[in-house]
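Given next are the chains, with one letter for each unit.
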Amino acid sequence: MKRSLYKKCHPYTILSHMKISVIMIILSVLRQIFIRPEGILDIIGSLGISALYVIAGCFYALWLYERKSYRTAEKGICIRHGIFLRKKYVLPYNKIQTLSIKKDIIPSVFGAVKVSADTPAGSSRDYDISGFISKKNTEKMLERIDRENIDGDVYRANIVNTILLSVFWSNPVTGLIFIVPVLSKSGKIVGSELTNDIIQSSLNSNKNLFALYFSPAVSALIIIIISCWMISVLMVFLRYARFRSYRLENFIAISRGVINKSFLMTKTDGITAVTINQSLFMKILNIYSAGIFVIGSNKIKGDRSMIIAPESREKIYSGIYELTGIDPNETESIYAEKHHLWSYIYLPVILFVICLSGFIFSKMLGRLSSVIRVLLTICMFLILWWLVFRCFAYKHSHIALCGKNISICTFEKLTLKTYIIPVEKIQTVEISQNIFQLKKDTCNIKLSLFAEKKSTHKIKQLDRKTAENFLKKSGY
């Protein structure tokens, strides 16, 4: 039997590694523009430095391209590293936890697809595969991995879901709510100083709505902010358009994108937790989104881990069960102790009092008082929003049983997250008490997932005895 030869990654890999060369070329061009060498020796020296940048970048890209090659075998992917000192290792197909395929515009023109394969032992990047591979070789690799018995689409995001996701991603609306009114006040303070003929002529009040109410300079800033926000919404929309998730026997598959397409598949037995996410704006609309935590190097994170776009509670729950086999319905729960709201809101309350005090006493600063009041107004609006979210988090924070799983509802930044964790995937359970909790016999519970370093989730202010009895029922 003829032995299959090692193959290099797609030649587009060289172009991807030459990004540093492009930066060097831009820097050398800027040097030519701003320094403006006068003598012939200065010009030759400057061109020589630029040429060295380009040559060094090309050699670096070629070295990275030549140092890695691969071949597909019956049991796995054989990877060879190094030029002078070579290492060989095998990535078994049955050990691949997550396979990600990205089809971006520019690589697709050259017939290249970026493929990343992660294993449970993938804390070291050397023992995973990631690079540009030709479309034909990518299809051959996919054929080796079990893709049979497709159960059909479980979830397909419609246009409304995608728009909601685009608008509420990372709470971009929050910034607009607070920035626009504050800029109005700023315009009254500094508008007369920043107004000039160029801005005035570019913002004709007959055509521009903002110019009717704001100074020209502030109106220009508002337009820039809203334009950037609309562009970000459009980019997220294009990234998540045609989003769908479904089962490929023992895999979950996720595909999305219009221009830049992405396909990801991960084994269901490597899922360490399912997450249900809800921001304050999503709470107003009564919608949720769902994602997953995966064993290994956890490269499947952030927006890549989402399996269901914003939907109603019923659709989220049914979709989670069909995709992962994990039942999110709670059978028994413990909420944070009553009269412990202060432990959730003390930090935003203290900061708000400090800002309010500064706002009251800012009159003593004379001319600077107006500017300082504007800045403090921004801070107080943001802190109030933070305070409202902490109250929302306090009301919903709890720990519960979901069959053989433990559900812990907690908050991270400005998002309420519920982690549904199979008991066998929990690394450690920690019960802690501070000085004040010892007197009231309350405690905090911290769960660590078998996913990545520092993957811990904490619920505060639970009754200690009730919490201990709860953990015994769950098997701890």
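Look above for the structure.
The sections below set out a description of the structure shown in this document.

Basis of the calculations
- All residue numbers here refer to positions counted from 1 along the written sequence of the relevant chain.
- Where totals are concerned, whole chains, interfaces and linings use all residues; where local detail is concerned, this predicted model gives features only for residues with pLDDT of at least 70, and gives and counts side-chain atom pairs only at 80 or more.
- Hydrogens and water molecules were not included; the side-chain quantities draw on all heavy atoms of the structure.
- Each residue gets one of three labels from its accessible area relative to the maximum for its type: buried under 20%, exposed over 50%, partly exposed in between, using a 1.4 Å probe on protein chains only.
- In this text, helices come from DSSP runs of H or I with a minimum length of four residues, and strands from runs of E with a minimum of two, each type numbered from the N-terminal end.
- The directions from the helix axis to the C-beta atoms form the arc being described.
- In this analysis, two residues are considered to be in contact whenever any of their non-hydrogen atoms come within 4.5 Å of each other.
- A pair of strands is labelled paired if DSSP reports no fewer than 2 bridges between them.
- Helix span, expected: 1.5 Å multiplied by one less than the number of residues in the helix.
- The angle between axes fitted to the seven-residue stretch ending at a residue and the seven-residue stretch beginning at it gives the bend at that residue.
- The convention used is that axes are lines fitted to C-alpha atoms, helices contributing only their stretch in contact, and that angles between N-to-C directions extend from 0 to 180 degrees.
- In this description, a nonpolar core means a group of buried Ala, Val, Leu, Ile, Met, Phe, Trp, Tyr and Cys residues linked to one another through side-chain atoms lying within 4.5 Å.
- For patch detection, residues must exceed 30% relative accessible area and be free of salt bridges, and they are connected within 9 Å for like charges or within 5 Å for nonpolar side chains (Val, Leu, Ile, Met, Phe, Trp, Tyr).
- Accessible surface area values rest on a Shrake-Rupley calculation with a 1.4 Å probe, where residue burial reflects the displayed protein chains alone.
- Salt bridge criterion: a side-chain nitrogen from Lys or Arg within 4 Å of a carboxyl oxygen from Asp or Glu.
- Ring pairs shown here join Phe, Tyr and Trp side chains whose ring centres sit within 6.5 Å, with only the six-membered ring taken for Trp; geometry is labelled stacked below 30 degrees between planes, edge-to-face above 60, and tilted in between.
- To sit over a ring, a charge needs its Lys NZ or Arg CZ within 6 Å of the ring centre and within 35 degrees of the ring normal.
- Under the rule applied, a polar contact is a pair of N or O atoms within 3.5 Å (in protein, one hydrogen donor and one hydrogen acceptor; residues adjacent in sequence only if both atoms are side-chain atoms).

**Some thoughts on helix α15 (residues 464-474)**
So, step 1. For α15, the complete set of buried residues consists of Ala-467, Phe-470, Leu-471 and Ser-474. Mapping the buried residues of α15 onto a view down its axis gives an arc of 95 degrees, with all of them on the same face. Among the exposed residues of α15, those oriented more than 90 degrees off its buried face are Lys-465, Lys-472 and Lys-473.
So, step 2. Residues of α15 that are buried in the fold lie against β15 (332-335), β16 (398-402), β17 (405-412), β19 (426-432), β20 (442-449) and β21 (456-463).
So, step 3. Remark: Gly-475 follows α15 within two positions and exhibits a positive phi of approximately 110 degrees.

**Some points on the sheet that holds strand β4 (residues 87-92)**
So, step 1. Strand order in the open sheet made by the four strands is β1-β2-β3-β4, with antiparallel pairing throughout. Edge strands, defined here as strands with exactly one partner in the open sheet, are β1 (7-8) and β4.
So, step 2. Note: strand β3 (residues 76-81) against β4, six bridges, orientation antiparallel. Paired with Ile-77 across the bridge in β4 is Leu-91.

**Looking at unusual backbone geometry**
So, step 1. Here Asn-286, not a glycine, exhibits a phi torsion of approximately 60 degrees, which is positive.
So, step 2. Looking at the secondary structure, you find Asn-286 in the loop between α10 (280-285) and β13 (288-294).

**A word on the side chain of Gln-278**
So, step 1. Within the secondary structure layout, Gln-278 lies in strand β12 (residues 271-279).
So, step 2. The buried category is assigned to Gln-278, whose relative accessible area is 3%.
So, step 3. Among all residues touching Gln-278, those that are not within four sequence positions of it are Lys-283, Asn-286, Ile-287, Tyr-288, Phe-392, Thr-415 and Leu-416.

**Structural notes on helix α12 (residues 342-361)**
So, step 1. For α12, with 20 residues, the first-to-last C-alpha span of 27 Å sits near the 28 Å given by 1.5 Å per residue.
So, step 2. In α12, a bend of some 25 degrees at Pro-348 exceeds every other bend along the element.
So, step 3. For α12, the full list of buried residues reads Ser-343, Tyr-344, Ile-345, Pro-348 and Cys-355.

**A short note on the sheet that holds β13**
So, step 1. Taken in spatial order, the seven strands of this open sheet run β14-β13-β12-β18-β17-β16-β15, and their pairing is antiparallel. Single-partner strands in this sheet number two, and they are β14 (306-311) and β15. In this sheet, neighbouring strand axes are inclined to one another by 20 degrees on average, regardless of whether the strands run parallel or antiparallel.
So, step 2. The pairing of β16 with β17 spans five bridges and is classified as antiparallel. Each residue of the ladder has a partner; that of Ile-399, found in β17, is Ile-408.

**Describing the nonpolar core**
So, step 1. In this structure, Tyr-344, Ile-399, Ile-406, Ile-421, Ile-445, Leu-447 and Leu-462 are the most contacted members of the largest nonpolar core, which totals 34 residues.
So, step 2. Per element, the largest residue contribution to this core is six residues, and it comes from helix α13 (residues 368-396).
So, step 3. Discounting residues that sit within four places of it in the chain, Leu-447 has contacts with Ile-406, Ile-408, Ile-421, Ile-426, Thr-428, Val-429, Ser-455, Thr-456 and His-457.

**Some points on a nonpolar patch on the surface**
So, step 1. Judged by side-chain polarity, Leu-15, Ile-105, Ile-106, Val-109, Phe-110, Val-258 and Ile-259 come together as a nonpolar surface patch covering roughly 640 Å² of accessible area.
So, step 2. The element that contributes the greatest number of residues to the nonpolar patch is helix α4 (residues 105-109), accounting for three residues.
So, step 3. Relative to the helices and strands, Val-258 resides in the loop between β10 (251-256) and β11 (261-267).
So, step 4. Overall, the relative accessible area of 36% leaves Val-258 in the partly exposed class.

**Some details on the packing of aromatic side chains**
So, step 1. A complete count under the given rule lists nine aromatic pairs for this structure.
So, step 2. Each ring, one from Tyr-344 and one from Tyr-394, has its centre 5.3 Å from the other, and the planes form 65 degrees; the classification is edge-to-face. Placement of the pair is Tyr-344 in helix α12 and Tyr-394 in helix α13, with a sequence separation of 50 residues. Take Tyr-344 and Tyr-394: they sit in the same class, and that class is buried.
So, step 3. With a centroid separation of 6.4 Å and an interplanar angle of 85 degrees, the aromatic rings of Phe-389 and Phe-411 are classed as edge-to-face. Taken together, the residues span a long stretch of sequence, with Phe-389 in helix α13 and Phe-411 in strand β17 at a distance of 22 residues.
So, step 4. Classification of Phe-411 by relative accessible area gives buried; the value is 18%.
So, step 5. An aromatic cluster of at least three residues, connected via ring pairs, comprises Tyr-344, Phe-389, Phe-392, Tyr-394 and Phe-411.
So, step 6. We note Lys-460 situated over the ring of Tyr-344; from NZ or CZ to the ring centre the distance is 4.8 Å.

**Observations regarding the side chain of Thr-324**
So, step 1. Residue position: Thr-324 is located in helix α11 (residues 313-324).
So, step 2. On the basis of relative accessibility, which here comes to 11%, the residue Thr-324 falls in the buried class.
So, step 3. From its side chain, Thr-324 meets the backbone oxygen of Ile-320 in a polar contact 2.6 Å long.
So, step 4. Only 3.2 Å separates the side chain of Thr-324 from the backbone nitrogen of Ile-326, close enough to count as a polar contact.
So, step 5. Non-local contacts of Thr-324, meaning those with residues more than four positions away in its chain, are made with Arg-247, Ile-252, Ile-271, Val-274, Ile-292 and Ile-307.

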